[in-house]
Amino acid sequence: MNRKWNTMNRKWTNMLVLFGPAWLVMMADMDASSTIGAAETGAVLKYSLVWFLLLLTIPLYFIQEVSGRIGIATEKGLGEIIRERYSRRVSLLMALPMALTDVLTYAVEYAGAAVGLAVFGMPVIVSVPLIFTAHLLLVLGRKYEQAERVLLFISPLLFVGFALVLVESGIKPYPLFQFSLSPGFIFLLAANVGAVVMPFMLFFQASATAIKYSARKFVPKNVAVNRIRIETAVGAIATELLMVLVEMSMAGADPSTNFLSPQSISRTLDSFAGPLSPIFFGVGLVAAAFLALVVISLGSAWGVVEALGVRREKTFIVYLLESVPAALAISLVPTQELASTVLNLLVFLVLALVGPGIIQGIISSDEKVMGNLKNTRMQSLLYWASLAFVLVFGFLAIL
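Per-chain numbering applies: the sequence of each chain, read as written, is numbered from 1 onward. Only residues with pLDDT of at least 70 get local features here, since the model is predicted, and only at 80 or more are side-chain atom pairs given and counted; chain-wide, interface and lining totals rely on the full set of residues. Hydrogens are left out, water is left out, and the side-chain values use all remaining heavy atoms of the structure.

Caption draft 1: A look at the overall build of the protein. A helix here means a DSSP run of H or I that spans at least four residues, while a strand means a run of E at least two residues long, and both kinds are numbered starting from the N terminus. Scanning the protein for helices and strands turns up 20 helices and 0 strands. Buried residues in the protein amount to 57% of all 399 residues. For the protein, the share of sequence-separated contacts (at least 6 apart) that also reach a separation of at least 24 residues comes to 86%. As presented, the protein carries roughly 16100 Å² of accessible surface, and 68% of it is formed by carbon and sulfur atoms. Between buried and exposed lies partly exposed: a residue is buried under 20% and exposed over 50% of the maximum accessible area for its type, with that area taken using a 1.4 Å probe on protein chains only. Whether two residues touch is decided by their heavy atoms; if any such pair falls within 4.5 Å, the residues are in contact. Note on areas: these come from Shrake-Rupley sampling with a 1.4 Å probe, and a residue is covered only by the protein chains present in the view.

Put into structure tokens, the structure is as follows:
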């Protein structure tokens with residue numbers, strides 16, 4: 001019996017090595033706002049941005065690979081490294097804008113989960129406190145690797161839910177490519193770019209990777225880096241495929257659909273994809289929102305406490321300061337009122353990435369910090385090209 005348990009435990013440990021921080025941060029990238037952005041893109045442009053979503057796998061991988069490599073090289077979080085290398089003021093300047101934007105992001109996650117549960121008949125006044133409680137119990141009552149296991153079980157639900165919606169709606173002969181210089185088209189491009197790399201992702205992957213691999217001293221750093229690269233690549237492909245699934249499944253939706261209204265979602269999906277499709281979409285949306293809620297809260301809180309230089313045990317204060325206002329707001333304000341702000345939020349997140357993205361690139365090329373894991377010339381070129389690609393679309397949307 002003990003031998004069987006040990007074998008199962010080793011298999012589980014091996015899975016955690018292959019699917020951990022990089023996979024979870026990619027799944028959290030497909031949060032409620034990204035899901036809604038992809039759904040609105042599909043309703044407006046059908047399959048026309050499938051090519052662009054798949055293209056975004058490239059900058060997503062090169063930016064996030066650096067975050068994981070920093071965590072392995074230093075065994076520290078990004079906020080802590082910035083504070084030690086520069087100053088507390090600089091570190092706070094990088095972390096606080098992320099924390100402030102994450103409050104609104106929390107609200108969208110709570111709204112997304114509430115809408116998904118409303119499809120099953122659960123009222124918002126019940127679902128939001130339930131989600132809030134489950135979220136806090138998970139992030140406050142467990143060590144990171146215990147929370148990671150729960151999230152790994154949740155992540156397949158995103159694929160199941162969204163894939164079944166596409167099965168129900170069917171694949172149509174829509175064109176897969178379109179490009180236009182019109183302001184509306186550029187704005188949708190920027191919104192989808194904003195859904196690709198968010199500030200919390202840099203802080204989460206560096207910190208979570210540091211926690212995980214500092215506890216596994218027996219794993220050589222070069223081996224750990226190779227594993228993180230594979231995991232990041234697989235995760236980048238997976239999250240963009242999820243975006244494609246949502247875009248394609250919503251290609252038959254009325255462009256005026258409010259994707260933060262359970263009634264509007266149910267009515268629209270039922271009209272072109274069948275009566276089971278709202279349920280499938282609800283499953284995917286709840287899983288996406290809850291997983292992102294946990295990962296965003298960890299990344300945001302870690303970034304802030306690392307910037308301040310206080311013990312990680314103090315993260316609960318950041319959780320509460322960010323979560324409580326968002327949960328209260330969604331409990332009191334109709335979720336559909338947020339729909340018009342989601343795409344704008346995604347565009348703004350591109351701009352909030354400027355500081356952390358630039359300083360992460362500088363750190364990754366600093367031999368004193370990174371040792372022999374610092375960027376090569378080619379890695380630096382690919383990183384800065386990827387970051388520039390993401391930032392340019394954010395500025396284009398504003399102009």
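After that view, the rundown keeps rolling.
Caption draft 2: Region of interest: the nonpolar core. The biggest cluster of nonpolar side chains holds 132 residues, and the ones touching the most others in it are Tyr 110, Phe 200 and Phe 204. Broken down by element, this core gets its largest block of residues, 19 residues, from helix H15 (residues 277-308). The contact partners of Phe 204, leaving out residues within four places of it in the chain, are Pro 21, Leu 24, Val 25, Tyr 144, Thr 209, Val 295, Leu 298, Gly 299 and Trp 302. For this analysis, a nonpolar core means a set of buried residues of the types Ala, Val, Leu, Ile, Met, Phe, Trp, Tyr and Cys, connected via side-chain atoms within 4.5 Å.

Caption draft 3: Up close: unusual backbone geometry. Even without being a glycine, Lys 46 presents a positive backbone phi close to 60°. On the basis of relative accessible area, Lys 46 is assigned to the partly exposed category, the value being 26%. With a phi angle near 55°, Glu 75 is a residue other than glycine that sits in the positive phi range. Of note, Glu 75 is situated in the loop between helix H5 (57-74) and helix H6 (78-85). Judged by relative accessible area, which is 30%, Glu 75 ranks as partly exposed.

Caption draft 4: Structural context of the packing of helix H9 (residues 144-154) against H15. Throughout, an axis means a line fitted to C-alpha atoms (over the contacting stretch in the case of helices), and angles, computed between N-to-C directions, take values from 0 to 180 degrees. Between H9 and H15, whose axes approach to 10 Å, the crossing angle comes to 155°. With respect to their mutual orientation, H9 and H15 come out roughly antiparallel. As H9 packs across H15, the resulting crossing turns out to be left-handed. Residues Tyr 144, Leu 151 and Ile 154 of H9 touch H15, and the partners they reach there are Ala 287, Phe 290, Leu 291, Val 294, Val 295, Leu 298 and Trp 302. Of the residues that constitute the contact of H9 with H15, the class distribution is 10 nonpolar, no polar and no charged. Convention used here: angles under 35 degrees read as roughly parallel, angles over 145 as roughly antiparallel, angles from 65 to 115 as roughly perpendicular, and any remaining angle as oblique. Here a crossing is called left-handed whenever its near helix is offset anticlockwise from the far helix by less than a right angle, and right-handed whenever the offset is clockwise. When residues are grouped by polarity, Ala, Val, Leu, Ile, Met, Phe, Trp, Tyr, Cys and Pro land in nonpolar, Asp, Glu, Lys and Arg in charged, and all others, Gly among them, in polar.

Caption draft 5: A look at helix H3 (residues 32-45). Between its first and last C-alpha, H3 extends 20 Å over 14 residues, near the 20 Å set by a 1.5 Å rise per residue. For H3, the tally of buried residues reaches 13 of 14 residues, placing the bulk of the element in the interior. Following H3 by one or two positions, Lys 46 adopts a phi angle in the positive range, close to 60°. Here the expected span of a helix is defined as 1.5 Å times the quantity of residues minus one.

Caption draft 6: Looking closely at the environment of Leu 298. With respect to the helices, strands and loops of the structure, Leu 298 is situated in helix H15. In this structure Leu 298 touches Val 139, Tyr 144, Phe 204 and Tyr 319, once residues within four positions along its chain are discounted.

Caption draft 7: View of the pattern of salt bridges. When a carboxyl oxygen of Asp or Glu lies within 4 Å of a side-chain nitrogen of Lys or Arg, that pair is called a salt bridge. If you walk through the whole model with that rule in mind, you get 5 salt bridges. Linking Arg 229 and Glu 65 is a salt bridge whose minimum nitrogen-to-oxygen distance equals 2.9 Å. Placement of Arg 229 in helix H13 (residues 221-249) and of Glu 65 in helix H5 is noted, with a sequence separation of 164 residues between them. Where Glu 148 meets Lys 212, a salt bridge forms, and the shortest distance between an N and an O atom there is 3.3 Å. Of the two residues, Glu 148 sits in helix H9 while Lys 212 sits in helix H12 (residues 199-214), which places them 64 residues apart along the sequence. Salt bridges sharing common partners tie together Glu 65, Arg 69 and Arg 229.

Caption draft 8: Here's a closer look at the environment of Phe 159. Positionally, Phe 159 belongs in helix H10 (residues 156-169). Its relative accessible area of 25% is what places Phe 159 among the partly exposed residues. Sequence separation between Phe 159 and Gly 284 is 125 residues, and the spatial gap between their C-alpha atoms is 7.2 Å. The contact partners of Phe 159, leaving out residues within four places of it in the chain, are Trp 23, Met 27, Ala 238 and Leu 242.

Caption draft 9: Quick peek at the packing of aromatic side chains. Each aromatic pair joins two rings of Phe, Tyr and Trp (for Trp, the six-membered one) with centres within 6.5 Å, and gets the label stacked for planes under 30 degrees apart, edge-to-face for over 60, and tilted for any other angle. Under the counting rule described, the total for this entry stands at 11 aromatic pairs. Ring centres of Tyr 61 and Phe 62 lie 5.1 Å apart, and the angle between their planes is 75°; this geometry places the pair in the edge-to-face category. Relative to Phe 281, the ring of Phe 162 has its centre 5.8 Å away and its plane inclined at 50°; by these criteria the two rings are tilted. Placement of Phe 162 in helix H10 and of Phe 281 in helix H15 is noted, with a sequence separation of 119 residues between them. Considered together, Phe 162 and Phe 281 belong to a single accessibility category, that of buried residues.

Function cannot be read off these values alone, since they describe shape.
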